[in-house]
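# Coordinates in review
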Amino acid sequence: MPELERQVAHPGLYRASGEQPALIGQHCTGCGHLAFPPNPYGCEACGAQPEALEKRELAGAGELAAFATVHLHMGGGIEAPFTVGVIVLDDGPAVRATLTCPTDDGLAIGDRVSSVLVSQGSDDEGTETVELRFIPHSSGSAEDSRVRGEA
Ligand SMILES: [Zn+2]
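The present account deals with the structure reproduced in this document. (Residues numbered from 1 in each chain as written. Predicted model: local features only at pLDDT ≥ 70, side-chain atom pairs only at ≥ 80, totals over all residues. Heavy atoms only, no water.)

### As for the sheet that holds strand 9 (residues 127-136)
Here is the rule we go by: Here, any two strands with at least 2 DSSP bridges between them count as paired. Numbered from the N terminus, helices here are DSSP runs of H or I no shorter than four residues, and strands are runs of E no shorter than two. Only the stretch in contact is used when fitting a helix axis, every axis being a line fitted to C-alpha atoms; angles between N-to-C directions are given from 0 to 180 degrees.
Strands sit in the order 1-9-8-5-6-7 across an open sheet of 6 strands; the sheet is mixed. The open sheet is flanked by strand 1 (5-8) and strand 7 (94-98), the only strands paired with a single partner. With strand direction ignored, the average angle separating the axes of adjacent strands in the sheet is 35 degrees. Of the pairings in the sheet, the one linking strand 5 (residues 61-70) to strand 8 (residues 112-122) comprises 3 bridges and is antiparallel in character. Paired with Ala61 across the bridge in strand 8 is Ser114.

### Description of the coordination of the zinc ion
Reference geometry at the metal: tetrahedral coordination by four donors gives ideal angles of 109.5 degrees; octahedral coordination by six donors gives 90 or 180 degrees. Here is the rule: Excluding water, the donors of a metal are its N, O and S neighbours within 2.8 Å, or within 3.2 Å for Na, K and Ca, and that exclusion means sites may look incomplete. By the criteria applied here, four donors are tetrahedral when all angles lie between 85 and 135 degrees, four are square planar and six octahedral when opposite donors are over 155 degrees apart and every other angle lies between 65 and 115, and any other arrangement is irregular. Throughout this description, buried means an accessible area under 20% of the type-specific maximum (1.4 Å probe, protein chains only), exposed means over 50%, and partly exposed covers the range between.
In this structure, Cys28 (SG), Cys31 (SG), Cys43 (SG) and Cys46 (SG) serve as the protein donors to the zinc ion, at separations of 2.3 to 2.4 Å. Here the zinc ion binds 4 donor atoms, and the angle range of 107 to 112 degrees at the metal identifies the geometry as tetrahedral. Within one chain, the residues donating to the zinc ion are spaced in sequence as C-x2-C-x11-C-x2-C. A residue is classified by how much of its surface remains accessible, and Cys43, at 8% relative accessible area, is buried. A relative accessible area of 42% means that Cys46 is categorised as partly exposed.

### Section: the pairing of strand 2 (residues 23-28)
Counting buried residues in strand 2 gives 6 out of 6 residues, a clear majority hidden from the surface. Neither face of strand 2 is open: one carries Leu23, Gly25 and His27, the other Ile24, Gln26 and Cys28, and all of them are buried. Taken together, the 6 bridges between strand 2 and strand 4 (residues 53-58) define a ladder with antiparallel strand orientation. Residue pairing across strands places Cys28 opposite Leu53, the latter belonging to strand 4. In textbook terms, the turn of a hairpin is the stretch between consecutive antiparallel strands, and for strand 2 and strand 3 (residues 34-35) this stretch comprises 5 residues, one of which, Gly32, has a positive phi near 85 degrees.

### Section: the pattern of salt bridges
Going by this rule: For this analysis, a salt bridge means a side-chain nitrogen from Lys or Arg found within 4 Å of a carboxyl oxygen belonging to Asp or Glu.
The full count for this structure, using the stated rule, is 4 salt bridges. Across the pair Arg15 and Glu57 runs a salt bridge, and its minimum N-O distance is 2.4 Å. Of the two residues, Arg15 is situated in the loop between strand 1 and strand 2 and Glu57 in strand 4; the sequence distance between them amounts to 42 residues. Residue Glu57 is classed as partly exposed on the basis of its relative accessible area, which comes to 44%. Here Asp90 and Arg112 are joined by a salt bridge, their closest N and O atoms 2.9 Å apart. Here Asp90, found in the loop between strand 6 (82-89) and strand 7, pairs with Arg112, found in strand 8; they are 22 residues apart in sequence, far enough to count as distant. We classify Asp90 as partly exposed; its relative accessible area is 47%.

Written out as structure tokens, the structure reads:
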């Protein structure tokens, strides 16, 4: 079987390299502000011109600040239920992202989460598309929620 090529679904936002994929953020050389996602307009903190901004990789790890399970979803690409969260990255910016767990059972504000790449399938040429998700750190949380669900 030929080895699969991998491509990320949103190459402007994150990289597929490494165990824990990095998010592509923006660093302001004027005031030091870190932003995500990168924007072409200038610094959102100090108003510096776009020339003052440089891309910087942000570690794909942080804390869960909010979350919700989507039960009804009219768009394509993902099947409900799925859980979305706001994650405050260790590097500062808050990002909205989909979590690997279908429901929010067992999740709590402040939980550690980290980035992970999830396969979205592959095309006829064998190119696999991967999407960035966040996975709860405490590997026991899925177990815990299953136990709670049965009780
Ligand atoms: Zn700035």
